[in-house]
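The chain contents come next:
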Amino acid sequence: MTIVGRLTRDSVINTLKDERKVVNFTIAVNDTFNSKSKGERIKMTSYFNCAYWLGDKVAEFLKKGILVEVEGRVFASAFISKDGEAKASLNCHVNHLKIFGNAKEVEPIEKAANDAEETADDMPF
């Protein structure tokens, strides 16, 4: 399954007892849909706890707010909270990871594209 979302906080590298390392991070995916019963648009956010086992160097780039696309095996885990309440989480074992950038980078890129379009109108060909 492919998921596109933003990191909710900086990634963390965890080392297991056998010295293997895993990069853990959580991404938020926003969705909007029309409710037939309420007649209004509903905004919803889903959170996926991700585990990337293929190298820990990527952790330095996985910072809060960055936009990523992950592909991997998605599954749900059920557990009982400290309060005795039944809970569940969405998880993903990531096989492929693409980093698109963060909100701070988008504005200058869009501005540069707009500047390029304006100069393109002045070109004689």
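Further up the page is the structure itself.
In what follows, the accompanying structure is described. The structure presented is a predicted model; accordingly, all values stated were derived computationally and were not measured. (Residues numbered from 1 in each chain as written. Predicted model: local features only at pLDDT ≥ 70, side-chain atom pairs only at ≥ 80, totals over all residues. Heavy atoms only, no water.)

1. Considering the overall build of the protein
Helix and strand counts for the protein come out as 1 helix and 6 strands. Among the 125 residues that make up the protein, the fraction classed as buried is 25%. Within the protein, counting contacts between residues at least 6 apart in sequence, those at least 24 apart form 56% of the total. Accessible surface for the protein amounts to roughly 9,400 Å². Of this, 53% is attributable to carbon and sulfur atoms. (Helix = DSSP H or I, 4+ residues; strand = E, 2+ residues; numbered from the N terminus. Buried < 20%, exposed > 50% of the residue type's maximum accessible area, 1.4 Å probe, protein only. Contact = heavy atoms within 4.5 Å. Areas by Shrake-Rupley, 256 points an atom, 1.4 Å probe, with all protein chains shown as cover.)

2. Some points on the side chain of Ser35
Mapping Ser35 onto the fold places it in the loop between strand 3 (21-34) and strand 4 (41-52). Not counting chain neighbours up to four residues away, the residues in contact with Ser35 comprise Glu40 and Ile42.

3. Observations regarding the state of the cysteines
Scanning the model with the defined rule gives 0 disulfides in all. Cysteine Cys50 remains unbridged, with the sulfur of Cys92 as its closest cysteine sulfur at 5.0 Å. Exposure remark for Cys50: the relative accessible area of 2% places this residue in the buried category. (Disulfide = S-S within 2.5 Å.)

4. A word on the nonpolar core
One finds Phe25, Ile27, Val70 and Leu97 to be the most contacted residues of the largest nonpolar core, which totals 17 residues. Put simply, the parts of the chain that give this core at least two residues each are strand 1 (2-7), strand 3, strand 4, strand 5 (67-80) and strand 6 (86-101). The residues touching Phe25, leaving out its near neighbours within four places in the chain, are Leu7, Ser11, Phe48, Asn49, Cys50, Tyr52, Leu62, Val70, Val94 and Leu97. (Core = buried A, V, L, I, M, F, W, Y, C linked by side-chain atoms within 4.5 Å.)

5. Focus on the pairing of strand 1
Where strand 1 and strand 5 come together, 5 bridges link them in antiparallel fashion. Counterpart to Ile3 in the pairing with strand 5 is Val70. Pairing of strand 1 with strand 3, which is carried by 2 bridges, proceeds in the antiparallel orientation. What sits directly across from Leu7, in strand 3, is Ile27. (Pairing = 2+ DSSP bridges.)

6. Observations regarding the pattern of salt bridges
Applying the stated criterion to the full structure yields 3 salt bridges. The salt bridge involving Arg20 is made with Asp18; its shortest N-O contact spans 2.9 Å. Lys98 is the partner of Glu69 in a salt bridge, and the nearest nitrogen-oxygen pair spans 3.6 Å. Pair noted here: Glu69 is in strand 5 and Lys98 is in strand 6, with a separation of 29 residues, a long-range link. (Salt bridge = Lys/Arg side-chain N within 4 Å of Asp/Glu carboxyl O.)

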